[in-house]
Amino acid sequence: MECIFCKIIEKEIPSVIVYEDSEVIAFNDIIPQAPVHIIIIPKKHIEKISDITSEDIDIIGKLIFTAKNIAKEKGISESGYRLVFNCNKDAGQAVFHIHLHLLGGRKLNWPPG
Ligand code: 5GP
Ligand code: ZN
C-alpha cells in the first residue's frame, strides 16, 4: 500500500495522533498552516471526495463531528476555525486518501487563495 495516510493509520509512519477510534484517526499536519492544523481521516481508504458513495455518508459525518470535538479540546471553538476538503488538482489535493483539514488559532483569510 503506497498511501501515506494508510501508513499513518498502520503506525508505519510516525505522527502526533490527537484522536483515534475504530473508524477515524486525527493527527497534526506535518507542515502546519495555522497554530492548530489537524488532519482527520477515515480508516477506510477512499481516494477523494468525488469518489464517496451513499455508504460513506456516516463516515463523512463522523469526520466533521470529530473535528468539532477536537476544536473544542484545542480551545478554538469560540475564536473559530475552518474545515476543508481539497478535491483533485485545482484544489491542490496532494494526498489521495480523503482528509478533513481543521485549521484555527489565527484569523483565516477569505476568500482562500
Ligand atoms: P492536501 O493538500 O492533500 O489537502 O493535504 C495534505 C496534507 O497532508 C498537507 O497539509 C500535508 O502537510 C500533510 N501531510 C503530507 N504528508 C504528511 C505526513 O507524512 N505526515 C503528516 N502528519 N502530514 C502530512
Ligand atoms: Zn489510504
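Whatever comes next refers back to the structure up there.
All figures in this text were calculated on a predicted structure; none of them were measured in a lab. (Residues numbered from 1 in each chain as written. Chains lettered and ligands numbered in written order. Predicted model: local features only at pLDDT ≥ 70, side-chain atom pairs only at ≥ 80, totals over all residues. Heavy atoms only, no water.)

A few words on the side chain of D21. Within the fold, D21 resides in the loop between strand 1 (17–20) and strand 2 (24–28). At 2.8 Å, the side chain of D21 forms a polar contact with the backbone nitrogen of E23. At 2.8 Å, the side chain of D21 forms a polar contact with the side chain of K62. Ignoring any residue separated from it by four or fewer positions in sequence, one finds D21 in contact with K43 and K62. (Helix = DSSP H or I, 4+ residues; strand = E, 2+ residues; numbered from the N terminus. Polar contact = N/O pair within 3.5 Å; in protein donor to acceptor, adjacent residues only side chain to side chain. Contact = heavy atoms within 4.5 Å.)

Quick look at the nonpolar core now. Residues I38, I40, L63, I70 and L102 are the most contacted members of the largest nonpolar core, which totals 16 residues. Secondary structure elements with two or more residues in this core: strand 2, strand 3 (36–42), helix 2 (57–73) and strand 5 (100–104). Setting aside residues up to four positions removed in sequence, I38 forms contacts with V18, A26, F27, N28, D29, I70, K74, L100, H101 and L102. Ranked by size, the runner-up nonpolar core spans 10 residues in total, among them C3, F5, I41 and V95. (Core = buried A, V, L, I, M, F, W, Y, C linked by side-chain atoms within 4.5 Å. Buried < 20%, exposed > 50% of the residue type's maximum accessible area, 1.4 Å probe, protein only.)

The next thing to look at is the layout of surface pockets. One number sums up the size of the largest pocket: a volume of about 850 Å³. Taken together, 32 residues make up the lining of the largest pocket; nearest its centre are D29, Q33, H37, I39 and H101. At the level of secondary structure, the elements contributing two or more residues to the lining of the largest pocket comprise helix 1 (4–9), strand 2, strand 3, strand 4 (81–84) and strand 5. Ranked by residues supplied to the lining of the largest pocket, first place goes to helix 1 with 3 residues. Along the lines of polarity and charge, the residues of the lining of the largest pocket split into 18 nonpolar, 11 polar and 3 charged. (1 Å grid on protein atoms, 1.4 Å probe; cavity = no way out; pocket = protein on both sides within 12 Å on 5 of 7 lines; lining within 4 Å. Points joined across faces, edges and corners; volume = space filled by probe spheres on them. Nonpolar A, V, L, I, M, F, W, Y, C, P; charged D, E, K, R; others polar.)

Right, let's get into the packing of aromatic side chains. Taken as a whole and assessed by the stated rule, the structure comprises 1 aromatic pair. When the ring of F5 is compared with that of F27, the centres are 5.3 Å apart and the planes differ by 75°; the resulting orientation is edge-to-face. Of this pair, F5 sits in helix 1 while F27 sits in strand 2, and the two are 22 residues apart along the sequence. With a relative accessible area of 8%, F5 lands in the buried category. Residue class for F27 comes out buried when judged on its relative accessible area of 3%. (Phe/Tyr/Trp six-rings, centres within 6.5 Å; stacked < 30°, edge-to-face > 60°.)

Moving on, we get to the site of ligand 1. If you check the shell around ligand 1, you find 16 residues, and the closest are N28, D29, A94, H99 and H101. Here A94 contributes a backbone N or O atom positioned 2.7 Å from an oxygen atom of ligand 1. Burial of ligand 1 by the protein chains amounts to 84% of its free accessible area of 520 Å². The cavity that encloses ligand 1 is the largest pocket. Breaking the shell around ligand 1 down by element, the ones donating at least two residues are helix 1 and strand 2. Among the residues making up the shell around ligand 1, the classes are represented as 8 nonpolar, 7 polar and 1 charged. (Near = heavy atom within 4 Å. Areas by Shrake-Rupley, 256 points an atom, 1.4 Å probe, with all protein chains shown as cover. Sits in = over half its atoms within 2 Å of the grid points.)

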